[in-house]
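One letter stands for each residue in the lines below.
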Amino acid sequence: MQRRTLLSLLATGSLVPAAFPVLAQAAWPSQPIRLIVPYPAGGGTDYFARLVAPGMGEALGHPVIVENRPGASGIIGATAVARHLPADGYTFLLGDMTTYAVNPSMFEKLAYDPLKDLAPVTMTAKFDFLLVVNPTVLPVSNVPELVALAARMPQGLNYASPSVGTTHHLATELLARETGMKVVAITYKGGGPAVQDLLGGQVGMMFLDRASARSHIESGRLRAIAAAGAHRIPAYPDLPTVAEQGIKGFEVEGWQGFTVRAGTPAPVVRALSAAYLKAIAPAEVKQKLNENGIDPVSGTPEQFTRYIEAETEKWRRVVRERNIKAE
């Protein structure tokens, strides 16, 4: 009789174990979650965070609240997550190349160790970068012409950098290392002022993300002379990469991803990753990201760890060889 009753309950779904998945989901999260963006509101990282946060919150059953913690090349925001206690996943970070792979080489004493204090969740996005020039300042159409022009200018070519250690900055220094060009970084407090001076002719060139460059390329005020990544950009199929123009092995792209404090339980990490995948699934979200030059990606924590390690080694060499110092 007891066996028949048990089987009956199992068949009808009335037995308590059938509710176990619901209970497991209810255990985490049980409150709102903070997504730390280590940069000011209005930039590409902030845009991405605010676009995916609502979908992640819906998937998790509790709001994901974006909190901007800018300053010190992303160190303030990254440290807030790396030092967050307990390691419960209620605070996580959307960091980028600078946060994870460049800061360890730029700063002798860093308040966090990206691979010891933070646990990767998933890479989230890559960004197309282009090498652009103001054609009234640098009348060139490709990389070989730029290198030839630089050879005739012993004082060096000025370029715009939103800040030390950014993709924009290090891509130019890598290009200079690979070509022998002399370049002079003009550093700004953010991408907006840097682009304005590039448009105004105070500086001649810049590696710039596609979203920021698009309207200025279309207007003719800026000229794209190369794609920075390993492949041509679909939006600019006729624009060759830097590598295709003779700088073999040159490959630079912006990237970012989620991390939590080290020690966060694996089920929480998986829940955040799954929520992210649901957030980027809608066609309208993908379209908005594409329009802004953002390619959403994903992967395992292990894959993201290996990528961070490779990028850290790559940029360590550039920082040391170019004698780049933190401001």
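1. With respect to the overall build of the protein chain
Along the backbone of the protein chain there are twelve helices and eleven strands. By its C-alpha atoms, the protein chain is 95 × 40 × 30 Å across when sized along the principal axes. Counting over 327 residues, the protein chain shows a buried share of 47%. Taking the intrachain contacts of the protein chain between residues at least 6 apart in sequence as the baseline, contacts between residues at least 24 apart amount to 78%. Entry remark: accessible area of the protein chain is about 15,300 Å², with carbon and sulfur atoms responsible for 55%. Each charge class in the protein chain was averaged separately, 31 positive and 28 negative side chains, and the resulting centres sit 4 Å apart.

2. Examining the pattern of salt bridges
As a working rule, side chains carrying opposite charge can pair if their charged atoms are close by. Counted according to the given criterion, the structure contains twelve salt bridges. Between Arg316 and Glu313 there is a salt bridge, with its nearest N and O atoms 2.6 Å apart. Note that Arg316 and Glu313 are positioned in helix α12 (residues 301-321) at a spacing of three residues, about one turn of the helix. For Arg316, a relative accessible area of 23% translates into the label partly exposed. Since its relative accessible area comes to 34%, Glu313 is described here as partly exposed. Connected via shared salt-bridge partners are Arg34, Glu67 and Arg69.

3. Some points on α12
Taking 1.5 Å as the rise per residue, α12 with 21 residues should run 30 Å; its terminal C-alpha atoms sit 30 Å apart, in good agreement. By the burial criterion, the buried members of α12 are Phe304, Ile308, Glu311, Thr312, Trp315, Val318 and Val319. Buried residues of α12, viewed axially, fall in a sector of 135°; they line one side. Away from its buried face, by an angle of more than 90 degrees, α12 presents the exposed residues Arg306, Arg320 and Glu321. On its buried face, α12 sits against α5 (97-106), β4 (118-127), α7 (167-179) and β10 (254-261). A positive phi of about 55° marks Asn323, the residue just after α12.

4. Points about the pairing of β10
Extensive coverage of β10 is indicated by the burial of seven of its eight residues. Judged from the five bridges that link them, strand β3 (residues 91-96) and β10 form a sheet pairing that is antiparallel. Residue pairing in the sheet places Leu94 in a bridge with Phe258 of β10. Pairing analysis gives eight bridges linking β4 to β10, with the strands arranged antiparallel. Its bridge partner being in β10, Lys126 is matched across the sheet by Trp255.

Rules behind the numbers
Residues numbered from 1 in each chain as written. Predicted model: local features only at pLDDT ≥ 70, side-chain atom pairs only at ≥ 80, totals over all residues. Heavy atoms only, no water. Helix = DSSP H or I, 4+ residues; strand = E, 2+ residues; numbered from the N terminus. Buried < 20%, exposed > 50% of the residue type's maximum accessible area, 1.4 Å probe, protein only. Contact = heavy atoms within 4.5 Å. Areas by Shrake-Rupley, 256 points an atom, 1.4 Å probe, with all protein chains shown as cover. Lys, Arg positive; Asp, Glu negative; His and termini not counted. Charge placed at Lys NZ, Arg CZ, Asp CG, Glu CD. Salt bridge = Lys/Arg side-chain N within 4 Å of Asp/Glu carboxyl O. Expected span 1.5 Å × (residues − 1). Arc of directions from axis to C-beta. Pairing = 2+ DSSP bridges.

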